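Listed below are the residues making up each chain.
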Amino acid sequence: MKLLVTGGAGFIGSEFVRLAVGEGHQVLNLDKLTYAGNLENLEPVRDQPGHRFVRGDICDAALVDALLTESRPDAIVHFAAESHVDRSILSPQPFVDTNVKGTFTLLEAARARRLDRFLHVSTDEVYGSLEPPIEADEDSPLRPSSPYAASKAGADLLALSYFATYRLPVLVTRASNNYGPYQFPEKLVPLMITNALAGRPLPVYGDGRQVRDWLYVEDHCQALLALLEKGRDGEIYNIGGNCALENLEVVRRILASAGRGQELIEHVTDRPGHDRRYALSSAKLLRETGWEPRVGFEAGLERTIAWYRANRGWVEHVRSGEYLGYYERNYSCREVELARLAGPSTP
Ligand code: NAD
Ligand code: DAU
């Protein structure tokens, strides 16, 4: 297939690009290269004739239109987003701009064209926190808690409306927490791995008993490739890792694998609006495509830690001025920043 991939220089998008090009698809990769976009993630496909990179913003309607006219893709696979919850708490504006307006721009540009697929990549965070033993299926209510999750829920609804109204062949996928190589070290797993390897403290929000369902990034991208082929227009598909763990357990396993002591764990002030538990049923995806996650957490974590050990240069480039500024704001000045965000207290 000819694919227009957005956000293909980020963590999941670049994994998808590497896999898709390896399978013989032709990829036009549109990415703004924000702090999270990194051309080093695309080194393995740099000289492949099946891959072309364009630096640009999905909110730029003229650019998106020109790329669709020129490349006439069979499908759009839309990853581009502001993706980190803590940043959405500190500065929500870019989340509305890219996640809502950017998705709208792509949908508008795609509306008048013959595409086989518009695959909108979304998240289980739109379902919000769930009490055990509830698992979200695709009909569960949307209860986003963070500006990030709300912007993704808004984009999901817009995308689905373009199927209902204009018959644009939209698919929406909602995946659980991804981990694996090339993940920007602001998310739990790579942040804890890079801190553990460097002997720095591991900041755990609140009591650390929050539950997430871990999905190895390659498994996620294999599910997306299967859905490009077999998914039904206008449908939503959950993609879970079938591996629910408390954050503290994840952090303890990382410390053990990195050969560091548990005393590096540091409990810090909780994230505002922190969702306690995510849980997904992926029964529909299994029924319709036969997809199941293949990489268990233990094997996936070992592979991931080995990758961060072997790619210290990548880590050093990424831990640049921007990252250090964010780290300072979210961790070193956490109390002050969170108090400021909460606004004046009521008398
Ligand atoms: P990421 O932050 O690693 O990468 C995002 C990419 O989008 C970057 O390359 C960035 O440069 C690009 N981008 C941002 N704004 C852009 C714009 N306006 N125009 C063009 N490009 C832009 O994100 P990720 O973790 O790889 O997530 C990819 C997608 O998957 C997102 O839509 C996210 O909501 C979704 N998702 C992520 C997870 C997860 O655990 N990381 C889980 C489920 C769903
Ligand atoms: O569930 C899918 C979502 O997973 C994606 O849509 C998001 O793009 C992705 O960022 C991720 O969101 P989370 O908020 O779940 O991921 P994060 O890695 O930020 O945090 C995972 C858990 O770890 C969460 O309960 C908060 C906690 N945490 C995180 C960080 C960064 C800590 O305790 N300390 C930390 O320093």
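Residues numbered from 1 in each chain as written. Chains lettered and ligands numbered in written order. Predicted model: local features only at pLDDT ≥ 70, side-chain atom pairs only at ≥ 80, totals over all residues. Heavy atoms only, no water.

1. Description of the site of ligand 1
Rules: A cutoff of 4 Å decides nearness: a residue is near a molecule or strand if any of its heavy atoms lies inside that distance of it. By the criterion applied in these results, polar contacts are pairs of N or O atoms within 3.5 Å in which, for protein atoms, one can donate a hydrogen and the other can accept it, and in which residues neighboring in sequence qualify only through two side-chain atoms. Surface accessibility in these figures is a Shrake-Rupley result with a 1.4 Å probe; residues are shielded only by whichever protein chains are displayed. Secondary structure elements follow DSSP: runs of H or I no shorter than four residues count as helices, runs of E no shorter than two count as strands, and numbering proceeds from the N terminus.
By nearness alone, 28 residues border ligand 1, and Ile12, Asp31, Ser83, Tyr148 and Lys152 come closest of all. Aspartate 31 is positioned such that a nitrogen or oxygen atom in its side chain is 2.6 Å from an oxygen atom of ligand 1. In the environment of ligand 1, an oxygen atom lies 2.9 Å from a nitrogen or oxygen atom belonging to the backbone of asparagine 178. For ligand 1, whose free accessible area comes to 840 Å², the fraction covered by protein is 97%. Elements with a contribution of two residues or more to the shell around ligand 1: helix 1 (11–22), strand 5 (117–123), helix 5 (147–166) and strand 7 (177–179).

2. Section: the packing of helix 12 (residues 321–332) against helix 13 (residues 334–342)
The following threshold applies: Axis geometry follows a simple rule: fit a line to the C-alpha atoms, using only the stretch in contact for helices, then measure angles between N-to-C directions, giving values from 0 to 180 degrees. The cut-offs work like this: below 35 degrees is roughly parallel, past 145 is roughly antiparallel, 65 to 115 is roughly perpendicular, and the gaps in between are oblique. Whether two residues are in contact is decided by their heavy atoms: any pair within 4.5 Å suffices. Just so you know the grouping, Ala, Val, Leu, Ile, Met, Phe, Trp, Tyr, Cys and Pro go in nonpolar, Asp, Glu, Lys and Arg go in charged, and all remaining residues, Gly too, go in polar.
Close contact between helix 12 and helix 13 brings their axes to 5 Å; oriented N to C, the two are set at 80 degrees. As far as their axial angle goes, helix 13 and helix 12 are roughly perpendicular. Taken together, the residues of helix 13 that come into contact with helix 12 (itself represented by Arg329, Asn330, Tyr331 and Ser332) are Arg334, Glu337 and Arg340. Looking at the contact of helix 12 with helix 13 residue by residue, the class counts come to one nonpolar, two polar and four charged.

3. Things to note about the sheet that holds strand 7
Hydrogen bonding along the main chain pairs the strands of a sheet, whether they run parallel or antiparallel. Threshold: Criterion used throughout: strands pair if DSSP finds at least two bridges between them.
Strand order across the open sheet formed by three strands is 7-9-11, with mixed pairing between neighbours. Every interior strand has two partners, whereas the edge strands, strand 7 and strand 11 (244–246), have only one. Recorded for the sheet is a direction-independent mean angle of 50 degrees between the axes of neighbouring strands. Sheet topology places strand 7 next to strand 9 (residues 211–216); three bridges connect them, and they run parallel. Note on strand 9: the bridge partner recorded for asparagine 178 is leucine 215. Lying on the sheet, helix 8 (residues 247–257) is in contact with strand 9 and strand 11; it crosses strand 11 at an angle near 85 degrees.

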